[in-house]
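Here's the letter readout for the chains.
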Amino acid sequence: GRARVVWRWAQSEELQFAGELQFEGDTRRYDLRNSLIEPIAISTSGSVSRDSGTFVADLTTEWESLELPVGDRSLYSPAGKLRLRGSVDSFEVDLDARARLDDVPETRIELDGDADLQTIQISHLRLVNEIADLSGSGNGSWTPEQTFDLDFALSGVRSEEHTSEL
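Predicted model, so just to flag it, every value in this text is computed and none were measured. (Residues numbered from 1 in each chain as written. Predicted model: local features only at pLDDT ≥ 70, side-chain atom pairs only at ≥ 80, totals over all residues. Heavy atoms only, no water.)

Caption draft 1: Molecular detail of the overall build of the protein. A tally of helices and strands in the protein yields 1 helix and 11 strands. What you see in the protein, going N to C, is helices and strands ordered as β-β-β-β-β-β-β-β-β-β-β-α. By its C-alpha atoms, the protein is 60 × 40 × 30 Å across when sized along the principal axes. Looking at the protein residue by residue over its 166 residues, the buried ones come to 22%. Considering only contacts in the protein between residues 6 or more positions apart, those separated by 24 or more positions represent 20%. Total accessible area computed for the protein in this model is approximately 11,200 Å², and 50% of it derives from carbon and sulfur atoms. Counting 16 positive and 32 negative side-chain charges, the protein places the averaged centre of each group 9 Å from the other. (Helix = DSSP H or I, 4+ residues; strand = E, 2+ residues; numbered from the N terminus. Buried < 20%, exposed > 50% of the residue type's maximum accessible area, 1.4 Å probe, protein only. Contact = heavy atoms within 4.5 Å. Areas by Shrake-Rupley, 256 points an atom, 1.4 Å probe, with all protein chains shown as cover. Lys, Arg positive; Asp, Glu negative; His and termini not counted. Charge placed at Lys NZ, Arg CZ, Asp CG, Glu CD.)

Caption draft 2: View of the layout of surface pockets. Considered as a void within the structure, the largest pocket measures approximately 780 Å³ in volume. Looking at the largest pocket, it is lined by 25 residues, and the ones nearest its centre are L75, A99, T107, I109 and L127. Here the lining of the largest pocket takes 5 residues from strand β7 (residues 91-101), the largest share from any one element. Grouping the constituent residues of the lining of the largest pocket by class yields 20 nonpolar, 3 polar and 2 charged. If you add up the space inside the second largest pocket, you get close to 210 Å³. (1 Å grid on protein atoms, 1.4 Å probe; cavity = no way out; pocket = protein on both sides within 12 Å on 5 of 7 lines; lining within 4 Å. Points joined across faces, edges and corners; volume = space filled by probe spheres on them. Nonpolar A, V, L, I, M, F, W, Y, C, P; charged D, E, K, R; others polar.)

Caption draft 3: Highlighting the sheet that holds strand β10 (residues 133-141). One open sheet holds the 11 strands; their spatial order is β1-β2-β3-β4-β5-β6-β7-β8-β9-β10-β11, and the pairing between them is antiparallel. Sheet topology places β1 (2-10) and β11 (147-155) at the edges, where each strand pairs with a single neighbour. Sheet twist, expressed as the average angle between the axes of neighbouring strands with direction ignored, equals 15 degrees. (Pairing = 2+ DSSP bridges. Axes fitted to C-alpha atoms, helices over the stretch in contact; angles between N-to-C directions.)

Caption draft 4: Broad picture of the confidence of the model for the protein. Per-residue confidence for the protein averages 90 on the pLDDT scale, and 95% of its residues sit at or above 70. Every residue in residues 162-166 scores below 50 in pLDDT, and together they form 7 contacts with partners more than four places removed in sequence or on other chains. (pLDDT = per-residue confidence, 0-100.)

Caption draft 5: View of the nonpolar core. Counting 7 residues, the largest nonpolar core consists of F91, V93, L111, A115, I120, I122 and L125. Ranked by residue count, the leading element in this core is strand β9 (residues 119-128), at 3 residues. Setting aside residues no more than four positions away along its own chain, I120 makes contact with V93, L111, D114, A115, G138, N139, G140 and W142. (Core = buried A, V, L, I, M, F, W, Y, C linked by side-chain atoms within 4.5 Å.)

Caption draft 6: Just the pattern of salt bridges, in detail. For the structure on display, the rule yields 13 salt bridges. Its salt-bridge partner being D94, residue R85 comes within 2.7 Å of it at the nearest N-O pair. With a shortest N-O distance of 3.3 Å, D133 and R126 are connected by a salt bridge. Salt bridges sharing common partners tie together R85, E92 and D94. (Salt bridge = Lys/Arg side-chain N within 4 Å of Asp/Glu carboxyl O.)

Next up, the structure:
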């Protein structure tokens, strides 16, 4: 079957969401595309299938000009792509984005890892900006509390004036 749904949802009077969902497929696999158009533009596309009774997804989310609150700070990302592959219980994560946190220079972020609903094993994390390159790997969890154990290597410090910012 095939369907196209234009949707709108109001979390509150100030926070409203709108978008369009399109999907096509059969009982084994659906290809889908969801475009969030309000309050920001984010698109997700990919497929969801059923394999031996388990739902498996391969979804890619892309954005331009994304701004999110992080505590009392603001994270701004002019562009990015996040790909999730697998089931809810075990999935691969690939992130390639550019972002800036307040006054920190825009940074390219690359992350590859394996995750579930409670943990992530990061096999590759790389942060590159005008100050330096930072590479790392490790693991993290968000339940019962947020913890991370990461190893980093710093290279390519670009100038002495930025060394105090590290």
